[in-house]
Amino acid sequence: MESQPHNRDISGNTALDEAQRVKRFEERIQAGERIEPKDWMPDVYRRQLTRMISQHAHSEVVGMYPEGNWITRAPTLRRKLGLLAKVQDECGHGLYLYCAAETLGVDRSDLTDELLSGKAKYASIFNYPTLSWADIGVIGWLVDGAAIINQTPLAKCSYGPYARAMVHICKEESFHLKQGYEIVTKLAQGNSAQKEMVQESVNRWWWPVLMMFGPSDSDSSNSEDLMRWKVKLFSNDSLRQRFVNGSVAQAKAVKLTLPDPDLRFNEESGNWDYGTINWDEFWQVVKGHGPCNRERMRMSRKKHNDGRWVREAARAYSARHRKNENEDGKKYYSRKRRKNAALGSFFTGKIRKAAHSRGQPTRT
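These remarks concern the structure in this document. (Residues numbered from 1 in each chain as written. Predicted model: local features only at pLDDT ≥ 70, side-chain atom pairs only at ≥ 80, totals over all residues. Heavy atoms only, no water.)

Notes on the packing of helix α6 (residues 133-151) against helix α8 (residues 192-211)
- As a packed pair, α6 and α8 sit with axes 9 Å apart at the nearest point and diverge in direction by 30 degrees. The two elements α6 and α8 meet at a crossing, and its hand is right-handed. Together, A134, D135, V138, I139, W141, L142, V143 and A146 of α6 and M197, V198, S201, V202, R204, W205, W206 and V209 of α8 make up the contact between the two elements.
- Grouping the amino acids of the contact of α6 with α8 by side-chain chemistry returns 13 nonpolar, 1 polar and 2 charged. (Axes fitted to C-alpha atoms, helices over the stretch in contact; angles between N-to-C directions. Helix = DSSP H or I, 4+ residues; strand = E, 2+ residues; numbered from the N terminus. Left-handed = near helix turned anticlockwise from the far one by under 90°. Contact = heavy atoms within 4.5 Å. Nonpolar A, V, L, I, M, F, W, Y, C, P; charged D, E, K, R; others polar.)

Below, the structure is given as structure tokens:
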């Protein structure tokens, strides 16, 4: 539900004290209203959103590197074009999300500096290498499939700009999932070498993908606040379970095996029970000690430095464009004043002439 006009008077300038404003804010959240950038919000809500949205934006941008690595090595022109389109989409997703973050009062360049300094985090899954073409299919199937399950509820989150960005992003992610699953299906139906390659890829990616949903609910320090404010609508563990349930059927359809000896269907819960996740590995990757953390940061810094001239040229063009607009505006209003003065003189002469013909006095 969108914000109602009669609630727009919630701001720091009202007579309400802090506790009352927070109470009113949470009432709006529970009523299902959307919070918009100019609405009052608690500082902690703003900080949590900034952290979450910027981390999401960084993930989209860094996520281009593992797949971009295979653009020149795609097996066919069709696959090359599909992968190019997907990487381009990820870049656009980062742009949408940085714009959403900026509505919270932060500057995009500051967010980028935090990423390049290592202060900001991004999804742990992108710190793993893409060793074969099968990895591109498995990333589309499992990684983007997990992203859809994780991100679709965000299209209904309480913060308007983030929710609207996610509507568009999730539509494109569904294309990525279909593209990846098609690649996996073709390889799984291919010769013995292709089948072995795709199975080996699934074996490497399965557990890191389960870690994508974040730490278990008992160890997630941010989930409680985010769920109370309806930024997150489901817990990490519930989303992870939904992903496992769907992936089992998809793997069976293409005759692939998920690398978990403890994977069993639980008749009582109706879910697939899975083995223990290696959380030590997860935290090592989050802290910057994964297989490709250093490589990803090196590429990010190189990209930022190589693109400096583009940013400088864009700023120079923008400044020149604004200057020309100001000069054109001055010329326009100067011409308009002269035209109005000429029209005024013309009509004044007409009025005087008409008055004189009727013998009426005229003002000078």
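Describing the packing of aromatic side chains
- Under the defined criterion, the tally for this structure stands at 11 aromatic pairs.
- With a centroid separation of 6.2 Å and an interplanar angle of 80 degrees, the aromatic rings of F25 and W40 are classed as edge-to-face. Taken together, the positions of F25 in helix α1 (residues 18-30) and W40 in the loop between α1 and α2 (43-62) put the pair 15 residues apart, joining distant regions of the chain.
- Centroid distance Y45 to W229: 5.6 Å. Interplanar angle 85 degrees. Geometry classified as edge-to-face. (Phe/Tyr/Trp six-rings, centres within 6.5 Å; stacked < 30°, edge-to-face > 60°.)

Considerations on the environment of L177
- As for its placement among the helices and strands, L177 is situated in helix α7 (residues 160-188).
- Taking C-alpha positions, L177 is 7.7 Å from L142, a pair spaced 35 residues apart along the chain.
- Not counting the four nearest positions on each side in its chain, L177 is found in contact with G140, W141, D144, G145 and I148.

Description of α6
- Between its terminal C-alpha atoms α6 stretches 26 Å, which fits the 27 Å expected from 19 residues at 1.5 Å a residue.
- When you tally the buried positions in α6, you get 18 out of 19 residues, the bulk of the element. (Expected span 1.5 Å × (residues − 1). Buried < 20%, exposed > 50% of the residue type's maximum accessible area, 1.4 Å probe, protein only.)

What to know about the nonpolar core
- Counting residues in hydrophobic clusters, the biggest one holds 80 residues, and the most contacted among them are Y45, I53, Y159, Y162, V209 and F243.
- Leaving out residues up to four positions away in the same chain, Y162 has contacts with L49, M52, I53, H56, L97, A100, L154 and C157. (Core = buried A, V, L, I, M, F, W, Y, C linked by side-chain atoms within 4.5 Å.)

Digging into unusual backbone geometry
- At K230, a position not held by glycine, the phi torsion is positive, near 60 degrees.
- Secondary-structure assignment places K230 in the loop between α9 (223-228) and α10 (236-253).
- Backbone geometry at K255 places phi at a positive 60 degrees, although glycine is not the residue there.
- Along the chain, the position of K255 falls in the loop between α10 and β1 (264-266).

A few points about the pattern of salt bridges
- Scanning the model with the defined rule gives 18 salt bridges in all.
- A salt bridge links E33 to R28, with the nearest nitrogen and oxygen atoms 3.1 Å apart.
- Taking the relative accessible area as the measure of exposure, R28 reaches 2% and is therefore buried.
- K302 is the salt-bridge partner of D306, the closest N and O atoms lying 2.7 Å from each other. Highlighted residues: D306 and K302, both in helix α12 (residues 293-306), separated by 4 residues, approximately one helical turn.
- Among the ionic contacts, a cluster of salt bridges with common partners joins E26, D225 and R228. (Salt bridge = Lys/Arg side-chain N within 4 Å of Asp/Glu carboxyl O.)

Overview of the environment of S54
- Note on placement: S54 falls in helix α2.
- Overall, S54 belongs to the buried group, its relative accessible area being 6%.
- Aside from chain neighbours lying at most four places away, what touches S54 is L49 and L111.
- At 2.6 Å, the side chain of S54 forms a polar contact with the backbone oxygen of T50. (Polar contact = N/O pair within 3.5 Å; in protein donor to acceptor, adjacent residues only side chain to side chain.)

Focus: the side chain of T130
- Note that T130 resides in the loop between α5 (108-117) and α6.
- From its side chain, T130 meets the backbone oxygen of P66 in a polar contact 2.8 Å long.
- Once residues lying within four places of it in the same chain are set aside, the contact partners of T130 are P66, N69, W70, D135, I136, I139 and W205.

Some thoughts on the environment of M211
- Within the element layout of this structure, M211 appears in helix α8.
- The buried category is assigned to M211, whose relative accessible area is 2%.
- Taking C-alpha positions, M211 is 7.7 Å from S124, a pair spaced 87 residues apart along the chain.
- Every residue in contact with M211, bar those within four places of it in the chain, is listed here: S124, Y128, R240, I277, N278, E281 and F282.

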